[in-house]
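An overview of the molecular structure
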Amino acid sequence: MSGTLNKVMLIGHLGDDVKMNYFEGGNCIGRFPLATNETYTNRQTGERVSNTEWHTVVVRNKAAEVCEKYLSKGDKVYIEGRLKTRQWQGEDGNMRYTTEVQATDFTFLSNKGESAGGAQQNTSSPSQNQSSNNQNTESPQQHHQASEQSPLSPDADDDLPF
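So, here is what we can say about the structure in this document.

About the criteria used
- Residues numbered from 1 in each chain as written.
- Predicted model: local features only at pLDDT ≥ 70, side-chain atom pairs only at ≥ 80, totals over all residues.
- Heavy atoms only, no water.
- Helix = DSSP H or I, 4+ residues; strand = E, 2+ residues; numbered from the N terminus.
- Buried < 20%, exposed > 50% of the residue type's maximum accessible area, 1.4 Å probe, protein only.
- Contact = heavy atoms within 4.5 Å.
- Areas by Shrake-Rupley, 256 points an atom, 1.4 Å probe, with all protein chains shown as cover.
- Phe/Tyr/Trp six-rings, centres within 6.5 Å; stacked < 30°, edge-to-face > 60°.
- Polar contact = N/O pair within 3.5 Å; in protein donor to acceptor, adjacent residues only side chain to side chain.
- Salt bridge = Lys/Arg side-chain N within 4 Å of Asp/Glu carboxyl O.
- Core = buried A, V, L, I, M, F, W, Y, C linked by side-chain atoms within 4.5 Å.
- Pairing = 2+ DSSP bridges.

**Thoughts on the overall build of the protein**
Check the secondary structure of the protein and you find four helices and six strands. For the protein, buried positions account for 21% of its 162 residues. The contacts in the protein between residues at least 6 apart in sequence include a share of 55% that link residues at least 24 apart. Accessible surface for the protein amounts to roughly 12,500 Å². Of this, 46% is attributable to carbon and sulfur atoms.

So this is what it looks like as structure tokens:
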């Protein structure tokens, strides 16, 4: 295989809200930290160990505006993109490097109803389920009653398929 591949797929939680930078000409960039976790059991001690890795995610233009509008700290998101390393000279004169995930695709995995107003949705769901259950229990009863009456009706024989 002679080609190369630079592809990253992450599922994690936002460590902060999306920070936007706007430029002349209408372009913009959004950046946010994304935390991914690795959990395993230490074989020697039997202790459960959890490691968190932080990634800087960069989104551009319209995608950045969508992320800023709908994502907030703690939300779960799927990010697909590629790694890009940038370098610059710091104020102290030393060269600085950072590796970022340039997002090309993303999917929001958190339901906004879960984080805001989740209690209201949970309260309305049981009442809806109760009304559905009432309808379900009434329908079979009505059907059962109708089947009891049909053999007693004089026209019942005309409705039979055999």
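**Brief notes about the packing of aromatic side chains**
What the rule picks out here adds up to two aromatic pairs. Judged by centre distance (6.2 Å) and plane angle (45°), the ring pair of tyrosine 70 and phenylalanine 108 falls under tilted. Of this pair, tyrosine 70 sits in helix 1 (residues 61–70) while phenylalanine 108 sits in strand 6 (residues 95–108), and the two are 38 residues apart along the sequence. The class for tyrosine 70 is partly exposed, based on a relative accessible area of 41%. The rings of Tyr70, Phe106 and Phe108 are connected pair by pair, giving a single aromatic cluster.

**Digging into the side chain of glutamate 100**
Assignment of secondary structure puts glutamate 100 in strand 6. The class for glutamate 100 is buried, based on a relative accessible area of 2%. A distance of 3.2 Å separates polar atoms of two side chains, one belonging to glutamate 100 and the other to arginine 31. Residues in contact with glutamate 100, not counting those within four places in the same chain, are Arg31, Thr56, Val58, Arg82, Leu83, Lys84 and Arg86.

**Digging into the pattern of salt bridges**
A full pass over the atoms with the stated rule returns five salt bridges. The residue glutamate 80 makes a salt bridge to lysine 7 at a minimum N-O spacing of 3.2 Å. Here glutamate 80, found in strand 5 (residues 76–89), pairs with lysine 7, found in the segment before strand 1 (8–14); they are 73 residues apart in sequence, far enough to count as distant. For arginine 96, the salt bridge goes to aspartate 92, with nearest N and O atoms at 2.7 Å.

**So, unusual backbone geometry**
Most peptide bonds take the trans form, and the phi angle of most residues other than glycine is negative. A positive phi angle, near 50°, is found at asparagine 61, a position not held by glycine. Inspection of the secondary structure assignment puts asparagine 61 in helix 1.

**Things to note about the nonpolar core**
Membership of the largest hydrophobic core comes to 16 residues, with the highest contact counts inside it found for Leu14, Val18, Phe32, Leu34, Leu71 and Ile79. At the level of secondary structure, the elements contributing two or more residues to this core comprise strand 1, strand 3 (28–41), strand 4 (48–60), helix 1 and strand 5. Contact partners of phenylalanine 32, with chain neighbours within four places excluded, come to Leu14, Asp16, Asp17, Val18, His55, Thr56, Val57, Val59, Leu71 and Ile79.

**Re the side chain of histidine 55**
One can find histidine 55 in strand 4. Overall, the relative accessible area of 18% leaves histidine 55 in the buried class. In terms of polar contacts, histidine 55 uses its side chain to reach the side chain of threonine 36, at 2.9 Å. Aside from chain neighbours lying at most four places away, what touches histidine 55 is Leu10, Phe32, Pro33, Leu34, Thr36 and Val101.

**Describing the pairing of strand 3**
As defined by bridge partners, strand 1 adjoins strand 3 across two bridges and the pair is classed as antiparallel. Bridged to histidine 13 within strand 3 is alanine 35. As paired strands, strand 2 (residues 19–22) and strand 3 are joined by four bridges and run antiparallel to one another. Residue pairing across strands places methionine 20 opposite glycine 30, the latter belonging to strand 3. Where strand 2 hands over to strand 3, the hairpin turn is made up of five residues, of which glycine 25 adopts a positive phi near 95°. Alignment of strand 3 against strand 4, held across 13 bridges, turns out to be antiparallel. Looking at strand 4, one finds that alanine 35 is bridged to tryptophan 54.

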